[in-house]
Amino acid sequence: MTKGKVLFRFAPQATRDLHIGDLRIALFNYICALQAKDTFLIRIDDTDAEANIEGKDQEILKILSLFHIPVTNVTYQSHNRKFHQQLATKLLMDQHAFSCFCTPESLKKHDCTCEHLSDEAVLNNESPFCVRIKRPQHDITCTDRFKGTMHFKKETIDNFVILRVDKSPSTLFAAALDDMLGDISMIIREEEQLNHTPKEIMIRDYLGYDKEITYAHLPSICDAHTTSLKSLLEEGFLPSAITNYLIMTGNETPTEIFDLQEAISWFDLDKISTVTFDINKLRHINREHIKKTADLELAKFLGYSSQDIGAVAKVYTEEASTINEIKPKLDAIFAKKEPLEFQEEFATLRTVAQKAPFFKEFDDLKAHLAAKSGLKGKEFSTPLRFLLTGSDKGPNLGDIYPHIKNYLGEIIK
RNA sequence: GGCCCGUUCGUCUAGUGGUUAGGACACUGGCCUCUCACGCCGGUAACAGGGGUUCGAAUCCCCUACGGGUCACCA
């Protein structure tokens, strides 16, 4: 365990898919760690053995890597289980926690009074029990980078569970301890966990831990929970575009389009505000990132291996915003072509084109084909477009031709 | 309900006492054009409401409303 360093952490749950809200938090933690030149840690929350999904942790790490978030420092909370239990025992011995024999059903009828059971009564009770921490004796004050100083009255904090009946630590308890054991100094997380803060502080207070952890509770993205990262990637959004979007939205950025490296130089956590996920904006940013991607790399995203194809793909960003929208258009260029109209003209044109010499310029090819086929107007342009692109509409042929001219043999076969 | 947080066009954002309240995405009108688009030039559209403070308030103060979150042996 690193001592005396500022540590940032991202703690995804192994119980569900990563959504864009999670990635946003991960990104912000990572960027802040880089800015502070400090360590960034990923801590997989797998304390709830029943809810864990087999392989989900690996999937999460794989996705994070796609977004250039390093997965070199990874720990699992379940590995600390014996420490969690030891510390719970300490709280029990110090009278800061107590055994509770209530069941979820009995709690619906009356409040838990196990706090006041005598030692003897506890020892003689053979029923299963969980361990609850005692509510604090003082009000708790905590500071948040965004919210400032907050006071929580002691009555508002209940005797919450720290060890479940099966003696596994509750998530909140495990997190509070792991932040302590891991010497974490800055926690950036979602606002919905704001009310966990006094409880975590209280746990550490009882244990005599006095290092102050800085909290930053970010206003969350509305609808984030319904937008899984996996599905956005499957729809053909580029990781770099998603990163750009998440950093840009609810923020004030010097430019609209940027990459992670640029963002590190100016990112300011204090400017983040509440946002609603807007797919249109993401689409726009994705288009811009497609244009910025190197031709060859882009071609690979599309399942091709030639630089030229990447270049054509960029031409299509004028009418498509995702990899998945562009791919069928490229595939159509090389597919077998069966036009629904101007079929005779198409056949004539194809024959002429197959015999035509190679032309460097599209205008020259066009002039040659027009002269040899005798076609003009729509009867020429529509089948020509179909012959070259497999579609009756699309970008200017003049913009596409330079990138496909070397594949003409295959295209018009 | 208690506690916490928030509220500028549909969305994101500029604005920190004096602006025709600006920009971007989306939507939309025109031009361009072999098509759909792109591009260019336009357009619609916002300070949640009410009280103060002030010569003057989106901006400062108070109240209300609305929205979000949290109060689990879920995270």
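Residues numbered from 1 in each chain as written. Chains lettered and ligands numbered in written order. Predicted model: local features only at pLDDT ≥ 70, side-chain atom pairs only at ≥ 80, totals over all residues. Heavy atoms only, no water.

Colleague: How would you explain the pattern of salt bridges if you had to name every residue and give the values?
Modeller: This structure, assessed with the given rule, holds 19 salt bridges. Between Asp179 and Arg9 there is a salt bridge, with its nearest N and O atoms 2.8 Å apart. Linking Asp179 in helix α6 (residues 171-181) with Arg9 in strand β1 (residues 7-10), this pair joins segments that are 170 residues apart in sequence. Accessibility expressed as a relative area gives 0% for Asp179, which makes it buried. The partner of Lys291 in a salt bridge is Glu288, with the nearest N and O atoms 3.4 Å apart. Placement of the pair is Lys291 and Glu288 together in helix α11 (residues 279-292), with a separation of three residues, close to one helical turn. Overall, the relative accessible area of 21% leaves Glu288 in the partly exposed class. Ionic contacts of the salt-bridge type, sharing partners, join the residues Asp17, Lys56, Glu59 and Lys230 into one network. (Salt bridge = Lys/Arg side-chain N within 4 Å of Asp/Glu carboxyl O. Helix = DSSP H or I, 4+ residues; strand = E, 2+ residues; numbered from the N terminus. Buried < 20%, exposed > 50% of the residue type's maximum accessible area, 1.4 Å probe, protein only.)

Colleague: Any chance you could break down helix α16 (residues 362-373) for me, citing the residues and the numbers?
Modeller: Compared with an ideal rise of 1.5 Å per residue, which puts twelve residues at 16 Å, α16 spans 16 Å between its outermost C-alpha atoms and is within 8% of the ideal. Taken together, the buried positions of α16 are Phe362, Leu365, His368, Leu369 and Ser373. Summarising the axial view, the buried residues of α16 lie within an arc of 130°, below the 170-degree limit, and thus occupy one face. Away from its buried face, by an angle of more than 90 degrees, α16 presents the exposed residues Asp363 and Ala371. Positive phi appears at Gly374, one or two residues downstream of α16, with a value of about 75°. (Expected span 1.5 Å × (residues − 1). Arc of directions from axis to C-beta.)

Colleague: Explain the protein's contact with RNA strand B to me, using residue names and the numbers behind them.
Modeller: Around RNA strand B, the structure places 41 residues, and the nearest of them are Gln13, Asp45, Arg164, Thr171 and Glu318. Near-protein atoms of RNA strand B (within 4 Å) split between backbone and bases, with sugar and phosphate holding 68%. The side chain of Asn195 places a nitrogen or oxygen atom 3.0 Å from a base nitrogen of RNA strand B. Among the elements of the structure, β5 (130-133), β12 (275-276), α11 and α17 (378-389) are those that each provide at least two residues to the surface near RNA strand B. Looking at the surface near RNA strand B, the element that brings in the most residues is α11, giving four residues. Here the residues of the surface near RNA strand B sort into eight nonpolar, 15 polar and 18 charged. (Near = heavy atom within 4 Å. Polar contact = N/O pair within 3.5 Å; in protein donor to acceptor, adjacent residues only side chain to side chain. Nonpolar A, V, L, I, M, F, W, Y, C, P; charged D, E, K, R; others polar.)

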